[in-house]
Amino acid sequence: MSISLQQISKSFGNFSALEDISLDIPGGSLVGLLGPSGSGKTTLLRIIAGLERADRGRVLFDGQDVTRLPVQKRRVGFVFQQYALFRHMTVFDNVGFGLRMLPRAERPSREARRARIMELLAMVQLDHLASRYPSQLSGGQRQRVALARALAVKPSVLLLDEPFGALDAKVRKELRRWLRHLHEQMAVTSVFVTHDQEEAMEVSDQVVVMSQGHIEQIGSPRTVYEEPASRFVFDFLGHINALSGRYQDGRWENGDAWLQLPGNGCPHGNLTFYLRPHEATLARTPAADAHLPVQVDELSVFGATVKLELSPRGWQAEALEVELPREEFLALAPERKQALFLRPRHLQSITADGGLGPVLDMQG
Amino acid sequence: MTASQLFFTRHPVLPGFTLSFGLSVLFIGLVILLPLSALFLYTSDLGWQEYWSIVSNPRVVATYRITLAAAFWASLINAALGLLLAWVLVRYRFPGRRLMDSLVDLPFALPTAVAGITLSTLFASNGWLGQGFDWFGIKIAYAFPGIVIAMSFTSLPFVVRAVQPVLEDLGPEYEEAAHTLGATQGQAFRHVVLPHLRPALLTGTALAFIRSLGEFGAVIFIAGNLPFETEITSLMIFVRLQEYDYPAATAIASVVLLASLVLLFGVQWLQGRYLTRLRGG
């Protein structure tokens, strides 16, 4: 079932949580609403569910206006951040709750309900814990019970509020993959909220990046990462190094550091460059068009890429981070405290007013 | 339990255990256990035959019936009203909420006799509220309904204060979860909220009931105290005391005490059983 939001606005008192949000979610897709806390993503999810009512705007499910339809009638599965499992019911009863609440005419027989519940519990691999109480389960297990409970009534839309927020890193990774897998099996339109970029990138078909009640960008994980539409998106997705300085007549300067950038259309004055950790390399000598002296502070040598923390020598910048492929790292063999030069390959300029300027390809 | 645990030879980690434990035991002994044993000591002057004839005297038995019935109705009213009050205090934000919250404790703070006199003045057939009821031919003060009202007044805080924290703990997301699963407001309340509150509600109501069984000050002013009609057990004890019939007074008191203790332990047991289920283990 496709979801369409049209000019949704919502405020709480003086605080404007959502401003004029329009969004189309195609049927069967898995969409991640990504943003920092306070960006309005949870409010948007609750408006889709019908738990919150928008001040203005319309919500359509498959073209049908459901703006005024109460939550009970919307047939949405909602997984709460803290799961909200009913503590006084067993896992079995929790999952069966939605089926028991159906009007008598639609309610399946006891045996049919039992079969459906056990089928769902088998799907979330918890059939052996059916008679336990929520308090006797681990966080990951509770999460899966909450999911099974939401799916029991065959919802047309599945909504998840920070589904992995309360779990530890390892369980979280496992569940992510599992959710992706589950979605492929069931093909129910799903929307989840997260503040974790990695999670949004790994799980979703489409990412909706939000900040301060606005949508910053909608696109596939690859698009929003490689072609960020705004400074915010660039900043929010992954680690960035910010190099700020002054630009004049083809030359950017910050203390001892300089970049030679002839005729690239950058405005004069204060100019910042964003540099992703993997879009630069290190060398013992400066490049012809980039002189960025740095010192190695920390090395972490695990994995296919090696992460180096650097500090600028003779110029001003926040701690810098660079990721090198393992071969490159071995060839260079840098050591702690060693003086090196940073050679950017790809720079995103940010103008003084905070907008995105031209993208520069350097010699590297 | 091993002997070492039983006799505290394994010293607790926190300091001050000996002193604080000693003081607690002394206090409980002096204020609670000593008077209780004195009560049973007095009672033990009586033989079983005498004891039985005192506690099964028709007039005394009538007071049991009246007290139990009034306490039952009072706790029932309090269970409903207390739940409503706790609900309003926890779930809604309105001007005067704090004032309302502190007013709930008033029955504890007010001398019960003052409450009794005030209530009887209000509900007397010529009082502000009593007039209205009198018009419909309903007698409240100096009749059975008066006892119920006095009892529910003095024991209302028990229910509110028992339910309130549990309700605060139960965030709105549980009801929301029920709603997303198709439950109506009523269904969400019946199947989700009420079961969560049940142990607290039960404890609060039971405490209110126990308190009502022993209530004296508030009731005697409004009850009218007619033997076989509006006489409560605690008044019966008082009457026997005034007749200098101490053994009889203590005998009746022991019945009240026994009933209260049995109820208290019963509630504790039920609650413990329920909590282990909620908290796991």
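Everything numeric here is computed off the predicted structure, so don't read it as measured data. (Residues numbered from 1 in each chain as written. Chains lettered and ligands numbered in written order. Predicted model: local features only at pLDDT ≥ 70, side-chain atom pairs only at ≥ 80, totals over all residues. Heavy atoms only, no water.)

A.B. asks: Hey, could you run me through the overall build of chain B in this one?
C.D. replies: Within chain B, the regular secondary structure consists of 14 helices and 0 strands. Ordering the α and β elements of chain B from the N terminus gives α-α-α-α-α-α-α-α-α-α-α-α-α-α. If one aligns the C-alpha atoms of chain B with their principal axes, the spans along those axes are about 70 × 65 × 30 Å. Within chain B, the proportion of its 281 residues that are buried is 41%. Intrachain contacts of chain B at a sequence separation of at least 6 include 74% that bridge at least 24 residues. Computed over 16 positive and 15 negative side-chain charges, the separation of the two mean positions in chain B equals 9 Å. (Helix = DSSP H or I, 4+ residues; strand = E, 2+ residues; numbered from the N terminus. Buried < 20%, exposed > 50% of the residue type's maximum accessible area, 1.4 Å probe, protein only. Contact = heavy atoms within 4.5 Å. Lys, Arg positive; Asp, Glu negative; His and termini not counted. Charge placed at Lys NZ, Arg CZ, Asp CG, Glu CD.)

A.B. asks: Please explain the interface of chain A and chain B as it appears in this structure.
C.D. replies: Often the size quoted for an interface is simply the accessible area lost on bringing the parts together. Across the boundary between the two partners, chain A contributes 22 residues, which contact 25 residues of chain B. Across the interface of chain A and chain B, roughly 2,200 Å² is buried in total on both sides, 62% from carbon and sulfur atoms. The largest per-residue losses of area from chain A upon contact with chain B belong to A:Arg87, A:His88 and A:Met101, which jointly make up 32% of the total buried on that side. At the boundary of chain A and chain B, one finds 5 residue pairs in polar contact (both at pLDDT 80 or more). (Buried area = accessible area lost by both parts, 1.4 Å probe. Polar contact = N/O pair within 3.5 Å; in protein donor to acceptor, adjacent residues only side chain to side chain.)

A.B. asks: Help me understand the nonpolar core in this model?
C.D. replies: One recurring pattern in soluble globular proteins is that nonpolar side chains are buried together. Among the nonpolar cores identified, the biggest contains 58 residues, and A:Phe86, A:Phe97 and A:Leu159 are the most heavily contacted of them. When residues in this core are grouped by element, the largest group, 6 residues, is from helix H11 (residues 185-214) of chain B. Excluding anything up to four places from it in sequence, A:Leu159 contacts A:Leu45, A:Ile48, A:Ala49, A:Val76, A:Gly77, A:Phe78, A:Val79 and A:Val191. (Core = buried A, V, L, I, M, F, W, Y, C linked by side-chain atoms within 4.5 Å.)

A.B. asks: Help me understand the pairing of strand E22 (residues 356-361) of chain A in this model?
C.D. replies: For a regular strand, side chains alternate in direction, first toward one face of the sheet and then toward the other. All names here are of chain A. One ladder, built from 4 bridges, connects strand E21 (residues 346-350) with E22; its direction is antiparallel. In the sheet register, glutamine 348 faces E22, and the bridge partner there is valine 359. Counted along the chain from E21 to the antiparallel partner E22, the turn is 5 residues long, and its residue glycine 354 has a positive phi close to 90°. (Pairing = 2+ DSSP bridges.)

A.B. asks: I would appreciate a short explanation of helix H1 (residues 41-49) of chain A in the present structure.
C.D. replies: Counting buried residues along H1(A), 8 of its 9 residues qualify, which places the element largely inside the surrounding structure. Positive backbone phi, at 95°, marks A:Gly50, one or two positions downstream of H1(A).

A.B. asks: What is the right way to read the sheet that holds strand E1 (residues 3-12) of chain A from this model?
C.D. replies: Within a beta sheet, neighbouring strands are joined by backbone hydrogen bonds and run either parallel or antiparallel to one another. Residue and element names in this part refer to chain A. One open sheet accounts for 4 strands, arranged E2-E1-E4-E5; its pairing is antiparallel. The sheet is open, and its two edges are formed by strand E2 (15-25) and strand E5 (64-65), each paired on a single side. With 7 bridges joining them, E1 and E2 adopt antiparallel strand pairing. For isoleucine 8, the partnering residue across the bridge sits in E2 and is isoleucine 21. Along the sheet, H1 makes contact with E1, E2 and strand E4 (56-61), crossing E1 at roughly 120°. (Axes fitted to C-alpha atoms, helices over the stretch in contact; angles between N-to-C directions.)

A.B. asks: Please explain the pairing of strand E9 (residues 206-211) of chain A as it appears in this structure.
C.D. replies: Residue and element names in this part refer to chain A. With respect to burial, E9 is a largely interior element, 5 of its 6 residues being buried. In terms of strand pairing, E9 meets strand E10 (residues 214-219) through 5 bridges, oriented antiparallel. By the bridge assignment, valine 208 is partnered in E10 with isoleucine 218. Between E9 and E10, which pair antiparallel one after the other, the connecting turn spans 2 residues, and glutamine 212 there sits at a positive phi close to 50°.

A.B. asks: What should I look at first to understand the environment of A:Asp127 in this one?
C.D. replies: All names here are of chain A. As for its placement among the helices and strands, aspartate 127 is situated in the loop between helix H3 (110-123) and helix H4 (139-151). For the pair aspartate 127 and isoleucine 117, spaced 10 residues apart in the sequence, the C-alpha separation amounts to 8.9 Å. Among all residues touching aspartate 127, those that are not within four sequence positions of it are Met118, Leu121 and Ala122.

A.B. asks: Where do I start with the pattern of salt bridges in this structure?
C.D. replies: Between side chains of opposite charge, pairing is possible as soon as their charged atoms come close. Summed over all chains, the structure comprises 24 salt bridges over all chains. With a closest N to O distance of 3.6 Å, A:Glu202 and A:Arg177 form a salt bridge. One end of the pair, A:Glu202, is in helix H6 (residues 197-203); the other, A:Arg177, is in helix H5 (residues 169-186), with 25 residues separating them in the sequence. The exposure class of A:Glu202 is partly exposed, given its relative accessible area of 32%. In this structure, the salt-bridge partner of B:Glu215 is B:Arg211, at a minimum N-O distance of 3.4 Å. (Salt bridge = Lys/Arg side-chain N within 4 Å of Asp/Glu carboxyl O.)

A.B. asks: Quick question: what am I supposed to make of the sheet that holds strand E3 (residues 30-34) of chain A here?
C.D. replies: All names here are of chain A. Read across the sheet, 6 strands follow the order E6-E7-E8-E3-E9-E10 without closing on themselves; strand pairing throughout is mixed. Only two strands of the sheet have a single neighbouring strand rather than two, namely strand E6 (76-79) and E10. Averaged over all neighbouring strand pairs, the angle between strand axes comes to 15°, with direction disregarded. Bridge count between E3 and strand E8 (residues 189-194): 5 bridges; the pairing is parallel. Looking at E8, one finds that leucine 34 is bridged to threonine 194. In this fold H1 packs onto E3, E6, strand E7 (157-161), E8 and E9, with an angle of close to 150° to the strand it touches most, E7.

A.B. asks: In this structure, what is going on with H5(A)? I would like to understand it.
C.D. replies: Three- or four-residue spacings in an α-helix give side chains the same orientation, since the helix completes a turn every 3.6 residues. Compared with the 26 Å implied by 1.5 Å per residue over 18 residues, the 26 Å span of H5(A) between its first and last C-alpha is a close match. The secondary structure elements touched by the buried residues of H5(A) are E3, H3, H4, E7, E8 and H6 of chain A. (Expected span 1.5 Å × (residues − 1).)

A.B. asks: Quick question: what am I supposed to make of the side chain of A:Asp196 here?
C.D. replies: Residues and elements named next belong to chain A. Summarising the element assignment, aspartate 196 is placed in the loop between E8 and H6. At 2.9 Å, the side chain of aspartate 196 forms a polar contact with the backbone nitrogen of glutamate 198. The contact partners of aspartate 196, leaving out residues within four places of it in the chain, are Leu34, Arg172 and Arg176.

A.B. asks: How do you make sense of the packing of helix H4 (residues 58-91) of chain B against helix H9 (residues 144-169) of chain B when you look at a structure like this?
C.D. replies: Packed helix pairs are characterised by how far apart their axes lie and by the angle those axes make with each other. Residues and elements named next belong to chain B. Contact pair H4 / H9: the axes reach a minimum separation of 6 Å and the direction vectors enclose 40°. The angle between H4 and H9 falls in the class oblique. Considering how the two elements wind past one another, H4 and H9 form a crossing that is right-handed. Partitioning the contact of H4 with H9 into residue classes produces 24 nonpolar, 6 polar and 2 charged. (Parallel < 35°, antiparallel > 145°, perpendicular 65-115°, else oblique. Left-handed = near helix turned anticlockwise from the far one by under 90°. Nonpolar A, V, L, I, M, F, W, Y, C, P; charged D, E, K, R; others polar.)

A.B. asks: Please clarify how the packing of aromatic side chains should be interpreted in this entry.
C.D. replies: In this description, an aromatic ring pair is defined by two values, namely the gap between the centres and the angle between the planes. Tallied over the full model, the rule gives 14 aromatic pairs over all chains. Note on B:Phe123 and B:Phe133: the rings are 6.4 Å apart at their centroids and 40° apart in plane angle, and the pair reads as tilted. Here B:Phe123, found in helix H7 (residues 112-123), pairs with B:Phe133, found in helix H8 (residues 128-135); they are 10 residues apart in sequence, far enough to count as distant. On the accessibility criterion, B:Phe133 (32% relative accessible area) is partly exposed. Looking at A:Arg313, its charged tip hangs above the ring of A:Phe341, at a distance of 5.6 Å from the centre. Against the face of B:Trp87 rests B:Arg91, its NZ or CZ located 4.8 Å from the ring centre. (Phe/Tyr/Trp six-rings, centres within 6.5 Å; stacked < 30°, edge-to-face > 60°. Lys NZ or Arg CZ within 6 Å of the ring centre and 35° of its normal.)

A.B. asks: Which parts of the structure should I look at to understand the environment of B:Thr63?
C.D. replies: Residue and element names in this part refer to chain B. Structurally, threonine 63 is set in helix H4. Considered as a pair, threonine 63 and glycine 224 are 161 residues apart in the sequence and their alpha carbons are 13 Å apart. Those residues within four positions of threonine 63 in sequence are excluded, and the remaining contacts are Glu231, Ile232, Thr233 and Met236.

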